Amino acid sequence: MEAIQPIIWKGTSLQLLDQRLLPDEERYVECRTLEDIQDCIKKMVVRGAPAIGVTAAYGLLLAARQFCEGYAPDEKEDSASFMPKFLNALESAGISLKATRPTAVNLSWGVERVLNKIRSLAECTSSTILKELEDEARLIFEEDIAVNKKIGAWGATLIGDNYTILTHCNAGALATAGYGTALGVIRSAFYQGKKITVYADETRPFLQGSRLTVWELQKEGIPCFLIVDAAAGYYINRGEVNCIIVGADRIAANGDVANKIGTYSLAVLAKENDVPFYVAAPFSTVDMSVSSGKEIIVEEREPEEITTFRGLPLSPQGVKAKNPAFDITPAKLISALITEYGILHSPNEEKMKQLATKRGELFECNGTG
Ligand code: MRU
C-alpha cells in the first residue's frame, strides 16, 4: 500500500494534502510563504498536533527564505548586522505561527526547535543558515515518523488478538508526518497479524473520524465501523470494546491530557465500564511547563462549524453555538500513556517527572513504566 503523505517538501514549497476535501478529493495546497502556512494551519488544511508541528518548522524555513530575499547580498554576509535582524524576524514569525492554533503544543515545539537551531548558528552566512534550517525541518519530519513507529510497537503490546478498539478523532498518518500515534498503534497491531476491529467515532463537528480515520483504515484494509459519537457509550456498555486509544494535543506535567472534544466523555465511560483508556503521543506533546490541564488553553472555533455543513444551514438562523475544539481528560482516568519511550501506566505527576528526566533510560530498564 502506498503510504499516506499529508506533508511533502518540494525544495521550494510545502505541499499539504487538503484534509478539508477528504475523502472526496485528494488535492494538495502549495505553500510558498509563511502566510500560506499560517492560513493552512488556521483553516485546518493540515491538522493534528504532530502534523502542525512539522508544518510550522517548514513555515519558519519559508519565512527565513522570504527574509533573505529582501536583504541586500552584501548585508547578508555581514553576520554581525544580519543575524540579530534575522533572528528577530524569525522570532516574530514564530509568534504568529504559534497563535494559529493554541492548544497543540507540538506547534510551539516545532517553532522553538527551529529557532534554537538558528540561535546556535551565530557566525554563519545566510546560505549556510538556510541549508541548516532545511536540514532541521527535514529531521523533524523524519523523526516524527520514526517516533510514531516506536509508539506503535510499544502500543501494540497492549492489543490482544480479536480486540475491538475504539478511537476518536484522527490520530493517524494524516495527523502526523506519517504512520500516526493512536492509529499507529492500531496499524502496528494489524501488521503483526492480530485480528482487530476498529470502532471510529465520527467526531463532530469537523468529522475527522468519518472523513479521515475510516478513510485511512479502509486504505489499509483494517476492519472498521464508523459510529456516531453518542453510540460509543452504547457499545462500551455492551462489552463490545476491549480498549480505547486516542492521541493528544498537549499533556500537562501531572499527566492530564488535552485532546479532541469528546475525549473526556469517553474516558469517563471507560472508567465506568472498566475498559482500558490509552493515550498515544510523542514526547513532544508533553508540556512540563503547565502543571495541570486547567492551565491548557482550549481553542474555541467558529460556531459555523456546528451550525452549517458544507455551506448549508443545519440550525435556525441566528442561533448561538459554542464550539470548543478540545477538552481535558484528568490523568486519573488514563490507564496508560504510550510514548516513544514506552508505556507509562496510570500517569501522575511523579511518573511524568521521571519520564521527562529519564526518558529512554526509564523504559529500557523496565520494559514498561
Ligand atoms: O482539531 P484537530 O483535528 O487538529 O485535532 C486533532 C486531535 O485532537 C488529535 O487527536 C491529536 O492532535 C492527536 S493527532 C496524532
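Residues numbered from 1 in each chain as written. Predicted model: local features only at pLDDT ≥ 70, side-chain atom pairs only at ≥ 80, totals over all residues. Heavy atoms only, no water.

A. Structural detail: the overall build of the protein chain. Of regular secondary structure, the protein chain possesses 13 helices and 16 strands. Whereas a compact globule of 369 residues would reach a radius of gyration of roughly 21 Å, the protein chain reaches 21 Å, a difference of no more than 12%. Every one of the 369 residues in the protein chain was classed for burial, and the buried ones make up 56%. With an accessible surface of roughly 15,700 Å², the protein chain has 52% of that area assigned to carbon and sulfur atoms. Counting 39 positive and 48 negative side-chain charges, the protein chain places the averaged centre of each group 3 Å from the other. (Helix = DSSP H or I, 4+ residues; strand = E, 2+ residues; numbered from the N terminus. Rg over C-alpha atoms; globule rule 2.2 N^0.38 Å. Buried < 20%, exposed > 50% of the residue type's maximum accessible area, 1.4 Å probe, protein only. Areas by Shrake-Rupley, 256 points an atom, 1.4 Å probe, with all protein chains shown as cover. Lys, Arg positive; Asp, Glu negative; His and termini not counted. Charge placed at Lys NZ, Arg CZ, Asp CG, Glu CD.)

B. Spotlight on the side chain of Gln 19. Tracing the backbone shows Gln 19 in the loop between strand S2 (14–17) and strand S3 (28–31). Take Gln 19: its relative accessible area is 0%, and that puts it in the buried class. Among the polar contacts listed, one links the side chain of Gln 19 to the backbone oxygen of Leu 174, at a separation of 2.8 Å. In this view, Gln 19 contacts Pro 6, Met 44, Val 45, Val 46, Arg 47, Leu 174, Arg 211 and Leu 212; residues no more than four positions away in its chain are not counted. (Polar contact = N/O pair within 3.5 Å; in protein donor to acceptor, adjacent residues only side chain to side chain. Contact = heavy atoms within 4.5 Å.)

C. Local environment of the site of the ligand. Around the ligand, the structure places 19 residues, and the nearest of them are Arg 47, Gln 208, Asp 249, Asn 259 and Lys 260. Contact distances for the ligand include 2.9 Å between an oxygen atom and a backbone N or O atom of Gly 48. Ala 49 is positioned with one of its backbone polar atoms (N or O) 2.9 Å from an oxygen atom of the ligand. Of all the secondary structure elements, the ones that give two or more residues to the shell around the ligand are helix H2 (49–69) and strand S9 (257–260). Classifying every residue of the shell around the ligand by side-chain character gives eight nonpolar, seven polar and four charged. Looking at which domains feed residues into the shell around the ligand, each of domain 1 (7–147) and domain 2 (154–358) supplies at least three. (Near = heavy atom within 4 Å. Nonpolar A, V, L, I, M, F, W, Y, C, P; charged D, E, K, R; others polar. Domains from an automatic or database assignment.)

D. How the structure looks around the domain arrangement of the protein chain. You can read the domains of the protein chain as domain 1 (7–147) and domain 2 (154–358). The interface is formed by 28 residues belonging to domain 1 together with 30 residues belonging to domain 2. Of all residues in domain 1, the largest losses of buried area upon contact with domain 2 belong to Arg 47, Thr 103 and Val 105, amounting jointly to 25% of the total for that side. Taken together, domain 1 and domain 2 are joined by three salt bridges. A salt bridge links Asp 24 to Arg 310; the shortest N-O distance between them is 3.3 Å. In terms of residue class, the side of domain 1 that touches domain 2 is made up of 17 nonpolar, four polar and seven charged. (Buried area = accessible area lost by both parts, 1.4 Å probe. Salt bridge = Lys/Arg side-chain N within 4 Å of Asp/Glu carboxyl O.)

E. Structural context of the pattern of salt bridges. Under the defined criterion, the tally for this structure stands at 22 salt bridges. The partner of Glu 91 in a salt bridge is Arg 119, with the nearest N and O atoms 2.9 Å apart. With a gap of 28 residues between them, Glu 91 in helix H4 (residues 79–98) and Arg 119 in helix H5 (residues 105–119) connect regions that are remote in the sequence. Glu 112 is the salt-bridge partner of Lys 98, the closest N and O atoms lying 2.7 Å from each other. Note that Lys 98 is positioned in helix H4 and Glu 112 in helix H5, a separation of 14 residues in sequence. You can call Lys 98 partly exposed: its relative accessible area is 27%. Because the salt bridges share partners, they merge into one network encompassing Glu 91, Lys 98, Glu 112 and Arg 119.

F. Quick look at the layout of surface pockets. As a volume, the largest pocket reaches approximately 320 Å³. Looking at the lining of the largest pocket, the elements with two or more residues in it are helix H11 (304–307) and strand S12 (308–309). Here the lining of the largest pocket is built from residues that sort into four nonpolar, two polar and seven charged. Taken as a whole, the second largest pocket spans an internal volume of roughly 250 Å³. (1 Å grid on protein atoms, 1.4 Å probe; cavity = no way out; pocket = protein on both sides within 12 Å on 5 of 7 lines; lining within 4 Å. Points joined across faces, edges and corners; volume = space filled by probe spheres on them.)

G. Summary view of the sheet that holds strand S14 (residues 326–329). The four strands are arranged S11-S8-S9-S14 in an open sheet whose pairing can be described as mixed. Where the open sheet ends on each side, the last strands, each with one partner, are strand S11 (286–287) and S14. Pairing analysis gives two bridges linking strand S8 (residues 250–252) to S11, with the strands arranged parallel. Residue Ile 251 lies in a different strand from S11, and its bridge partner there is Val 286. (Pairing = 2+ DSSP bridges.)

H. View of empty space enclosed by the protein. Applying the stated criterion to the full structure yields two cavities of 30 Å³ or more. Taken as a whole, the largest cavity holds about 200 Å³ of empty space. Lining the largest cavity are 24 residues, with Arg 47, Gly 48, Ala 49, Asn 170 and Asp 249 positioned closest to its centre. Those elements that provide at least two residues to the lining of the largest cavity are H2 and S9. Per-element tally for the lining of the largest cavity: the top contributor is H2, with three residues.

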